[in-house]
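Observations on the model geometry
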Amino acid sequence: MQVASDGITVPISFALTRPHDVEMQYTSVMDDLLDRRRQELTHFGEPARFDIRMFPLLTAECPSGVLIDPNTYALRQVVAEIGLQFKRETRYDLGPFDPSNPNYQGVLINSERFSATFPIAAGAAGFSREDDTWWMDWVWVHPYERGTGLFGQAWNEMERLYGLFHIDGPYSASMSTFLRARQIDPNRLNHPLHDDRRD
């Protein structure tokens, strides 16, 4: 193998032929390689699987708190999109929110780091009802907004909306830390909290 001036490694046999032939073979090899890589990239989805997005909500009013009521189908679709980001990060099998299912409720969390004349959804949570009990099925906050106190504000508002809802698990290390700091009643949990001592 030989390293070309642009840093690309090419077979040594290319270097033993005439410069024009080498250039033609090199171009052909690179074209084939790039075609295969483009095909592979379509499997991963470009850019969706690589993006960590916030969602500008141009048609929504800025909330008085941090929660945005997804009171239209379009806003429920944003909850579902954020649910897919939750799915990618946690490696769940399915998206956790179906915007067309009236049994699922959701809230959007307005960014505090970025401000505009419209709200910017930086997170969401999904809820469902079992008997007379609300369950938080999942919650996701954009990494830029983690550790800023935004989730704590959202939690207070969610408890005002849904009461002392139960929290579905399993719980990430950061969620376990949050629940311990809040001294959440263990009766609201259906899984043990993450044990930092096992890491």
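Positions within a chain are numbered from 1, following the residues in the order the chain's sequence is written. Residue-level local features of this predicted model are given only where pLDDT is at least 70; pairs of side-chain atoms are given and counted only at 80 or more, and the full residue set underlies all totals for whole chains, interfaces and linings. To get the side-chain values, all heavy atoms of the structure are used, and hydrogens and water are removed first.

Once that is clear, we can look at the layout of surface pockets. Here the term cavity refers to a set of points on a 1 Å grid, laid over the protein atoms alone, in which a 1.4 Å probe fits but cannot get out; the term pocket refers to an open set having protein on both sides within 12 Å along at least five of seven lines, with lining residues being those that place an atom within 4 Å of a point. Grid points are joined across faces, edges and corners, and a volume is the space filled by probe spheres set on the points. Of the volumes computed, that of the largest pocket is approximately 770 Å³. Forming the walls of the largest pocket are 30 residues, and the residues nearest its centre are Val 139, Trp 140, Ser 172, Ser 174 and Met 175. Under the scheme used here, helices are H or I runs from DSSP no shorter than 4 residues and strands are E runs no shorter than 2 residues, and both carry numbers assigned from the N terminus. Listing elements by their share of the lining of the largest pocket, those giving two or more residues are α3 (73-90), β7 (133-141), α4 (150-162) and α5 (173-181).

Let us now look at the confidence of the model for the chain. Confidence of the prediction at every residue is given by pLDDT, a number between 0 and 100. Residues of the chain with pLDDT of at least 70 account for 79%, and the chain-wide mean is 83. Taken element by element, the predicted model of the chain shows its lowest mean pLDDT in strand β1 (residues 2-3) (48) and its highest in α4 (97). We call two residues in contact when some of their heavy atoms are within 4.5 Å. Confidence drops under a pLDDT of 50 for residues 1-5, and excluding neighbours within four residues, the segment shows 11 contacts in the predicted structure.

What follows concerns the pattern of salt bridges. Think of it this way: side chains of opposite charge can pair up when their charged atoms draw near. What makes a salt bridge here is a side-chain nitrogen of Lys or Arg within 4 Å of a carboxyl oxygen of Asp or Glu, nothing more. Tallied over the entire structure, the rule returns two salt bridges. Glu 159 is the partner of Arg 188 in a salt bridge, and the nearest nitrogen-oxygen pair spans 3.0 Å. Of the two residues, Arg 188 sits in the segment after α5 while Glu 159 sits in helix α4, which places them 29 residues apart along the sequence. Relative accessibility thresholds used throughout: buried, under 20% of the residue-type maximum; exposed, over 50%; partly exposed, between the two (1.4 Å probe, protein chains only). Given the relative accessible area of 22%, Glu 159 is considered partly exposed.

This part takes up the side chain of Ser 176. Checked against the element boundaries, Ser 176 lands in helix α5. The exposure class assigned to Ser 176 is buried, which follows from its relative accessible area of 0%. Aside from chain neighbours lying at most four places away, what touches Ser 176 is Tyr 171, Leu 193 and His 194.

What follows deals with the packing of aromatic side chains. Ring pairs shown here join Phe, Tyr and Trp side chains whose ring centres sit within 6.5 Å, with only the six-membered ring taken for Trp; geometry is labelled stacked below 30 degrees between planes, edge-to-face above 60, and tilted in between. Scanning the model with the defined rule gives 10 aromatic pairs in all. Ring geometry for Phe 151 against Trp 155: centres 5.8 Å apart, planes inclined by 70°, an arrangement best described as edge-to-face. One end of the pair is Phe 151 and the other is Trp 155, both in helix α4 and four residues apart, which spans about a single turn. Take Trp 155: its relative accessible area is 0%, and that puts it in the buried class. Pairwise contacts between aromatic rings join Phe 127, Trp 134, Phe 151, Trp 155, Tyr 162, Phe 165 and Phe 178 into one cluster. The ring of Phe 165 carries the charged tip of Arg 188 above its face, separated from the ring centre by 5.1 Å. Each ring is checked for a lysine NZ or an arginine CZ that lies within 6 Å of its centre and within 35 degrees of its normal; such an atom marks a charge sitting over the ring.

Attention now goes to the side chain of Asn 110. Along the chain, Asn 110 falls in strand β5 (residues 104-110). A relative accessible area of 13% means that Asn 110 is categorised as buried. Apart from residues lying up to four places away in sequence, Asn 110 is in contact with Pro 63, Val 66, Ile 68, Pro 119, Ile 120 and Leu 150.

On to α5. Along α5, the positions that sit buried rather than exposed are Met 175, Ser 176, Phe 178 and Leu 179. Along the axis of α5, the buried positions cluster into a sector of 160°, meaning they face one direction only. Exposed and facing more than 90 degrees away from the buried side of α5 are Ser 174 and Ala 181. Among the structural elements, β7, α4 and β8 (166-167) are those in contact with the buried residues of α5. One or two steps after α5, the chain reaches Gln 183, where phi turns positive at roughly 55°. In this description, one arc is meant: the one made by directions from the helix axis to the C-beta atoms.

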